[in-house]
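Summary of the model geometry
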Amino acid sequence: MNLKDSDRQYLGRGTEPDDLEVTGTDHGLLRDGKGRRYLDWLSGWCVGNFGWGAEHLRDAIRDYRGPDYVPPHFHYAPWVELARRLAQLAPGKLRVAWRATGGTEAVDIALQIAMAVTGRARFVAIKGSYHGNSIGAVSIADEEARAPFPNRLRGCELVDPPLDADAAARVEKLLAPRDVAAVILEPIVLNLNVEIPAAEFMKRLAAACKRTGTLLIADEVASGFGRTGKLFASEHYALKPDVLCLAKAITGGYAPMGATLTTPGVARKLGDKAAFYSTYGWHPIATAVALANLKWIAAHQRALLRHIEQTSKYLRTRLARMPFKALRIKGLAIACETDSAERAAEVAARCKDKSLLIGAEEHCLMLFPPLTLDPAPAKFGMDILERALRD
Ligand SMILES: Cc1ncc(COP(=O)(O)O)c(C=O)c1O
């Protein structure tokens with residue numbers, strides 16, 4: 001049986017996979033079963049922020065000499081070191097980290113914390129956004145995602161984008177009865193084709209949360225670790241979330257990990273109401289990779305952010321000359337609006353034919369190149385996209 005047929009037979013998938021068999025990642029490129037190499041400008045949807053073949057991450061795995069496993073209820077010094085470093089980097093007053101295996105678990109922990117701390121059961125989220133695949137995360141998702149699950153959590157209200165003054169007024173109205181546990185959002189909504197909230201929206205949202213005792217959960221699973229040109233997207237708005245969800249690029253794609261950060265105040269209120277035991281949460285090898293990554297980020301932070309800014313500027317200049325209806329760019333999170341979903345899919349397919357992997361979401365082309373992208377591949381990728389639009 002060929003791979004396609006056995007994939008269909010043995011793997012549970014809701015949708016057909018893309019017609020590409022990944023067999024390797026080297027020198028920043030992704031290799032398929034035919035030995036063909038691609039520029040990967042999806043980065044596993046904001047996972048491989050530091051490129052494929054990142055030496056500091058590969059070395060962390062190769063040089064690992066620690067225990068095979070550490071049970072969650074034992075002491076393990078690298079966990080404390082990782083939590084301490086996350087607290088140093090994170091926006092606002094986030095100081096306490098809960099261990100998780102990925103983004104969905106980090107979000108679910110955040111929702112549970114909000115319910116336990118406030119004693120409230122309702123949530124507010126942004127319509128059409130994505131926060132993972134647990135029943136909690138699905139319950140705060142769009143109607144379409146909720147539909148197959150009649151027993152989901154109830155009372156999750158959605159706010160329509162664009163996130164402007166009108167949306168702020170809707171949030172204020174929803175929070176006024178003081179019965180909402182938390183508002184959850186990506187501070188730059190990458191899952192809504194890089195929806196960039198207005199500064200006024202974020203300001204009024206933060207004030208309304210504070211006024212009504214509602215927790216503010218920033219889901220930075222995708223936007224965290226430099227993607228939007230700041231280490232965390234919350235920083236664009238000087239946002240001080242009560243809870244922060246992290247995953248994906250925390251290990252740059254080299255090991256599974258999630259983290260939920262809270263302020264000491266929230267942790268105090270939570271007390272011993274929940275422990276969030278996670279068998280594989282912060283496995284020691286994943287912890288070693290994340291620690292190596294955070295050390296690398298700390299050592300290169302200024303240069304990395306400057307590089308992202310320069311690369312973003314170059315890509316913006318090139319994209320502005322192409323026939324798009326609009327561009328939404330924040331750092332290296334980029335959505336290019338085309339005329340239709342068909343057009344976006346067609347252009348993305350042509351780019352793939354020419355060895356550039358980009359995404360097509362609704363009528364937008366999605367570009368998430370590695371943050372370490374060099375000028376030569378940046379030009380090469382833009383040349384491919386330009387030709388794909390012309391052909
Ligand atoms: C914003 C956001 N939150 C949560 C998740 C879920 O993360 P994971 O797939 O690691 O469970 C994702 C995944 O794409 C995401 O983009």
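Figured I'd write up the structure that's included with this text. (Residues numbered from 1 in each chain as written. Predicted model: local features only at pLDDT ≥ 70, side-chain atom pairs only at ≥ 80, totals over all residues. Heavy atoms only, no water.)

1. Some remarks on the side chain of serine 355
Residue position: serine 355 is located in the loop between helix H12 (341-353) and strand E13 (356-357). The exposure class of serine 355 is buried, given its relative accessible area of 15%. In this structure, serine 355 is in contact with Arg36, Arg37, Tyr38, Leu39 and Ile384, ignoring residues within four places of it in sequence. (Helix = DSSP H or I, 4+ residues; strand = E, 2+ residues; numbered from the N terminus. Buried < 20%, exposed > 50% of the residue type's maximum accessible area, 1.4 Å probe, protein only. Contact = heavy atoms within 4.5 Å.)

2. A short note on the site of the ligand
With respect to spatial proximity, the complete set of residues near the ligand consists of Gly102, Gly103, Thr104, Tyr130, His131, Gly132, Glu186, Asn191, Asp219, Val221, Ala222 and Lys248. Aspartate 219 has a polar side-chain atom sitting 2.7 Å from a nitrogen atom of the ligand. The site holding the ligand turns out to be the largest pocket. In terms of residue class, the shell around the ligand is made up of three nonpolar, six polar and three charged. (Near = heavy atom within 4 Å. Polar contact = N/O pair within 3.5 Å; in protein donor to acceptor, adjacent residues only side chain to side chain. 1 Å grid on protein atoms, 1.4 Å probe; cavity = no way out; pocket = protein on both sides within 12 Å on 5 of 7 lines; lining within 4 Å. Sits in = over half its atoms within 2 Å of the grid points. Nonpolar A, V, L, I, M, F, W, Y, C, P; charged D, E, K, R; others polar.)

3. Focus: the layout of surface pockets
Of the volumes computed, that of the largest pocket is approximately 1,800 Å³. Lining the largest pocket are 46 residues, and of these Thr15, Trp45, Asn191, Ala360 and Glu361 lie nearest its centre. Looking at the lining of the largest pocket, the elements that each hand over two or more residues are helix H2 (43-46), helix H5 (103-118), helix H7 (143-146), H12, E13 and strand E14 (359-361). Looking at which element gives the most residues to the lining of the largest pocket, the answer is H12, with four residues. Partitioning the lining of the largest pocket into residue classes produces 22 nonpolar, 12 polar and 12 charged. Here the second largest pocket is characterised by a volume of approximately 610 Å³. The wall of the second largest pocket is formed by 24 residues, among which Lys210, Lys240, Pro241, Asp242 and Thr263 lie closest to the centre. Elements with a minimum of two residues in the lining of the second largest pocket: H5, helix H9 (199-212), strand E8 (215-219) and helix H10 (264-270). Residue contributions to the lining of the second largest pocket peak at six residues, all from H9. Along the lines of polarity and charge, the residues of the lining of the second largest pocket split into 13 nonpolar, five polar and six charged. (Points joined across faces, edges and corners; volume = space filled by probe spheres on them.)

4. Points about the pattern of salt bridges
Considering all chains together, one arrives at 21 salt bridges under this definition. Notably, a salt bridge pairs arginine 13 with aspartate 7, separated by 2.7 Å at the nearest N-O pair. Given a relative accessible area of 46%, arginine 13 falls into the partly exposed group. In this structure aspartate 7 comes out as buried when scored by relative accessible area, which is 16%. Here arginine 62 ties to aspartate 63 by a salt bridge, and the two come within 3.7 Å at their closest N and O atoms. The exposure class of aspartate 63 is partly exposed, given its relative accessible area of 44%. Through salt bridges with shared partners, a single network forms among Arg122, Glu157, Arg170 and Asp179. (Salt bridge = Lys/Arg side-chain N within 4 Å of Asp/Glu carboxyl O.)

5. A closer look at the sheet that holds strand E2 (residues 29-32)
Spatially, four strands are ordered E1-E2-E3-E13 in an open sheet, and the strand pairing comes out mixed. Every interior strand has two partners, whereas the edge strands, strand E1 (22-26) and E13, have only one. (Pairing = 2+ DSSP bridges.)

6. Observations concerning the sheet that holds strand E11 (residues 326-330)
The four strands lie next to each other as E11-E12-E15-E14, forming an open sheet whose pairing is antiparallel. Edge positions in the sheet fall to E11 and E14, since each of these pairs with one other strand and no more. The mean inter-strand angle of the sheet, taken between neighbouring strand axes irrespective of direction, is 20°. In the sheet, E11 pairs with strand E12 (residues 333-337) via five bridges, with the strands oriented antiparallel. In the strand pairing of E12, alanine 326 is matched with glutamate 337. (Axes fitted to C-alpha atoms, helices over the stretch in contact; angles between N-to-C directions.)

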